[in-house]
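# Observations on chain architecture
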Amino acid sequence: MHVLVLGAGQLARMMSLAGAPLNIKITAYDVGSESVVHPLTQMSGGDDLESAIRQADVITAEFEHIPLDILAICEKSGKFLPSTEAIKAGGDRRIEKKLLDGAGVKNAKYFVIQNQDDFKQAIEHVGVPMVLKSALGGYDGKGQWRLKDVGQADAIWSEMAECIAASDNQAIVAEEFVPFGREVSLVGARGKDGSVAVYPLAENVHTNGVLSLSTAIDDKGLQEQAKQMFTAVADSLEYVGVLALEFFDVDGTLLVNEIAPRVHNSGHWTQQGSETCQFENHLRAICHLPLGSTRLIRETTMINILGEDTIPEAVMAMEGCHIHWYGKEKRPGRKMGHINVCSDDQQGLQSKLCELAKVLDKGAFPALHEFADRS
Ligand code: AMP
């Protein structure tokens, strides 16, 4: 099988690594440079997008902000999975909210803002404090504002007006502020036959809006709620592939924050922690192969490496630590790689995380240090 991935970043790279044992060959299309590349070497083989589409058995995506003309060409080929509808829902918060409401899935109260009058209505409808998010192009906490007090409304409006004017079809989605206790996510796969296999929930810690730690957790009540919501969303999209749902946990009740129609950073722990990793299961689903077991095989935490291109050798020497670099050039805050830390039990995992905090820099790994300080 030959899969073409739209996007040539770390997710395409890890799909390529997971596909090799199954004889699934991955080619990636770098949307920025408009070139077809090998996902590991980033070398171009000289193909253009049309010929890459012709040669592929299946086309998929590693991100949701894909130019609509490219999406349309891929959809027309009849090879694109999950679907244009799913990608658009992941890339436009207005469509995402409609999808969640249509699937009967709990999410934060919201109001769509196009102009200053809408903003006033949003304040009435949603209330203060509120979180304001650009409908298009926002990710990792970018394109967001917090309105804590109506006195800040004019200042925030001038920034939002600039954002709306800067691109076509832009709007702001105002959301009630959710006083959550923690954030969790569910990654799972849906096959063409409608079969669903979800991984254990992951508890996620963000630093400045970017995921820093993700740990598989065992909570039967929450898992059941999350699976029901996952199935409702995936079924309503007739989804094929891996899908991620991010939730707010408010005293044991889950509200969906957002969806990602692709393999997800909070599912990287599955590379060492589960019988079949999310990358393999995505490929299995889109290639119409049986889904693999999502069973937890060891307690695992994923630590994102942000803005660093080296880490102490002591980390590699530690039993149960697995490093995954993405081969990217160093930039402040950039996702450069991750470490999966594994142990047979939760106590062992906790001690390993504390050991790691002793050798990893506090400035670069603040969430790990906070965890170690609390333990
Ligand atoms: P997002 O890009 O929507 O995932 O938002 C980035 C982060 O902002 C989330 O991981 C939350 O920590 C926080 N956040 C987003 N929406 C809300 C909300 N409605 N209430 C409280 N916090 C939020």
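Attention in this report is confined to the structure presented alongside it. (Residues numbered from 1 in each chain as written. Predicted model: local features only at pLDDT ≥ 70, side-chain atom pairs only at ≥ 80, totals over all residues. Heavy atoms only, no water.)

## Notes on the site of the ligand
Close to the ligand lie 16 residues; Lys-133, Gln-144, Glu-175, Val-178 and Glu-183 are nearest. At a separation of 2.8 Å, a nitrogen atom of the ligand approaches a polar backbone atom of Val-178. Considered on its own, the ligand offers 470 Å² of accessible surface; in the complex 94% of this is hidden by protein. Here the residues of the shell around the ligand sort into 5 nonpolar, 4 polar and 7 charged. Residues from two domains meet in the shell around the ligand; each of domain 2 (109–176) and domain 3 (182–374) gives at least three. (Near = heavy atom within 4 Å. Polar contact = N/O pair within 3.5 Å; in protein donor to acceptor, adjacent residues only side chain to side chain. Areas by Shrake-Rupley, 256 points an atom, 1.4 Å probe, with all protein chains shown as cover. Nonpolar A, V, L, I, M, F, W, Y, C, P; charged D, E, K, R; others polar. Domains from an automatic or database assignment.)

## Focus: the side chain of Asp-118
Mapped onto the fold, Asp-118 is located in helix α6 (residues 116–126). Within the buried set, Asp-118 has no salt-bridge partner at all; the shortest N-O distance to an opposite charge, 9.6 Å, is to Arg-94. A polar contact of 2.7 Å, which involves the side chain of Asp-118, links it to the backbone nitrogen of Gln-114. (Helix = DSSP H or I, 4+ residues; strand = E, 2+ residues; numbered from the N terminus. Buried < 20%, exposed > 50% of the residue type's maximum accessible area, 1.4 Å probe, protein only. Lys, Arg positive; Asp, Glu negative; His and termini not counted. Salt bridge = Lys/Arg side-chain N within 4 Å of Asp/Glu carboxyl O.)

## Remarks on the pairing of strand β14 (residues 253–260)
Buried residues dominate β14, accounting for 6 of its 8 residues. Here 7 bridges tie strand β13 (residues 241–250) to β14, and the two strands are oriented antiparallel to one another. Residue pairing across strands places Val-250 opposite Thr-253, the latter belonging to β14. Linking β13 to β14, which pair antiparallel, is a turn of 2 residues; within it Asp-251 sits at a positive phi near 50 degrees. (Pairing = 2+ DSSP bridges.)

## Comments concerning the sheet that holds strand β3 (residues 35–37)
If you walk across this open sheet you meet the 4 strands as β3-β2-β1-β4, and the pairing is mixed. A single partner strand is all that each edge strand has here, and the edge strands are β3 and β4 (58–61). Averaged over all pairs of adjacent strands, the angle between their axes in this sheet comes to 25 degrees, without regard to strand direction. Bridge count between strand β1 (residues 2–6) and strand β2 (residues 25–30): 5 bridges; the pairing is parallel. Residue pairing for β2: Val-3 is matched across the bridge by Ile-26. (Axes fitted to C-alpha atoms, helices over the stretch in contact; angles between N-to-C directions.)

## Re unusual backbone geometry
Note: most residues except glycine have negative phi, and most peptide bonds are trans. The linkage connecting Leu-81 with the following residue, Pro-82, adopts the cis geometry, with an omega of 10 degrees. Tracing the sequence through the fold places Pro-82 in the loop between α3 (68–76) and α4 (84–91). The phi dihedral of Asn-23 is positive, around 60 degrees, even though this residue is not glycine. Inspection of the secondary structure puts Asn-23 in the loop between α1 (10–19) and β2. Judged by relative accessible area, Asn-23 falls into the exposed class, the value being 64%. Despite not being glycine, Gln-42 has its phi angle at roughly 65 degrees, a positive value. Given the relative accessible area of 39%, Gln-42 is considered partly exposed.

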